[in-house]
Amino acid sequence: MTPDRAELQSWYRAAMVRRIDELRALRVPLASGDEIACAAARQIGQALRGSGSTFGFADLSAVAAIVETSSDEETLRRVEGLITELHILAREDESVPSIRVEWLVRAAGLQEDPSILDGVRTLAEAWEVVARAGGLSEAGLAERVADDLGIELSDIGARRAAALHLVPPALMIAGRVLPLKEDSETITVATAEPTSLPMELELQRVTGRRPVFVVATPTALSAILTEVLEEPIPDAPVVETPVRPTLDERDTRDRAILVVDDEQSTRLLVRHLLEKREYRVVEAEDGVEALEILASGQPIELVVADLNMPRMDGLELMWELREIRGGEHLPVIVVTGEVDEILETQLMEEGADDYIRKPVDARLFLARVEATIRRAEG
């Protein structure tokens, strides 16, 4: 980095302290749903998205873009997350307090005193220290957080296997998050850090769905995750953001996707979408033809199959695929024209890696394809 560039970035970090104060001033009106405050927060997000890109802070641009596009109901929670990210960005400035979870301290009704969390390095410790300082149990603190941010408490015992299937175990562990339920557009996730914008981005990236956060305590999450994943869950650092794997455009080239559908119009649409992303497309009219293609030894990285087809439908194809050598780990997305949450859950529990409803939405379809490939690659 050139001296001029380094000097500009240092100046920009100092400017972020002023942005933190601007966002803090919006908290009270945001909590009451004030439309003017919501608009002001989105304008700050817009400014930070552009300036972050200009000064070389790509992560800031990404999280600021979330705030910029927030609905009024989401704005306060995301502003709290943006304050955290600005703290991290400005951490080289010694005048900036070390606290990274202002939202937790504020929810407990405590003064925003950085010394409360002196020496705290993990999220679990932060919850314990703040609850004790506020004279609360962790469960009581969770209620305060949910009320303060305008989100729900989690019913952590009510979880669907289909939702767990969509999030890689490594991400659950790294972010201490527990998927609870999903539908065609959203995934509901229990978390002790509901303001984490990097985690929100990452969950959207790996699932192709919009995350909906609900609050749970670190203690409860650790216990359930240990049970679900059958391994102990380490404490999550307060300031660490999750790893963000990406699928570069060059990685899509020559990846072969098998599209199985008896409707030529659907195959043409899907082919068009995939080839625009430089995937190589192989077509089959039904499950029988698809199995013949797979048996021929063609390298296939993903199968996109319609549910309802003659001779062999998508569900039967998936069953057969799981029985043949090399097919047990081949990812499958099922396309269905039915709007039936029970059926969609069954598809996931029977071994589908994801599903999408007809008519196919181009943006959502491509997001699911890329998310499924990322999960398959670990």
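Anything mentioned here points back to the structure above.
Being a predicted model, the structure only gives us computed values, none of them experimental.

(A) View of the nonpolar core. Counting 76 residues, the largest nonpolar core has Trp127, Leu258 and Val303 as its most contacted members. Broken down by element, this core gets its largest block of residues, six residues, from helix α7 (residues 123-133). Membership of the second largest hydrophobic core comes to 28 residues, among which are Leu30, Leu60, Val79 and Leu82.

(B) Spatial organisation of the pattern of salt bridges. By the definition in use, this model includes 31 salt bridges. The residue Glu202 makes a salt bridge to Arg205 at a minimum N-O spacing of 3.2 Å. With a gap of three residues between them, Glu202 and Arg205 both fall in helix α11 (residues 197-207), about one helical turn apart. For Arg205, a relative accessible area of 25% corresponds to the partly exposed category. Between Glu301 and Arg255 there is a salt bridge; the shortest N-O distance is 3.0 Å. Remark: Arg255 occurs in the loop between α13 (249-252) and β4 (256-260) and Glu301 occurs in the loop between α15 (287-295) and β6 (302-306); sequence separation between them is 46 residues. We classify Glu301 as partly exposed; its relative accessible area is 36%. Because the salt bridges share partners, they merge into one network encompassing Asp21, Arg24, Arg27, Glu80, Glu102, Arg106 and Asp148.

Parameters and conventions
Per chain, the residues get numbers from 1 upward, laid out in the order the sequence is written. It should be noted that, the model being predicted, local features are given only for residues of pLDDT at least 70 and side-chain atom pairs only at 80 or more, the latter also being counted only at that level, while totals for whole chains, interfaces and linings use all residues. Only hydrogens and water are removed before side-chain values are computed, so all heavy atoms of the structure are retained for them. Residues enter a nonpolar core if they are buried and are Ala, Val, Leu, Ile, Met, Phe, Trp, Tyr or Cys, with the set joined through side-chain atoms within 4.5 Å. Only protein chains enter the calculation, and the probe is 1.4 Å; a residue is then buried if its accessible area is under 20% of its type maximum, exposed if over 50%, and partly exposed in between. Secondary structure elements follow DSSP: runs of H or I no shorter than four residues count as helices, runs of E no shorter than two count as strands, and numbering proceeds from the N terminus. The salt bridge criterion pairs a side-chain nitrogen of Lys or Arg with a carboxyl oxygen of Asp or Glu, the two atoms within 4 Å.

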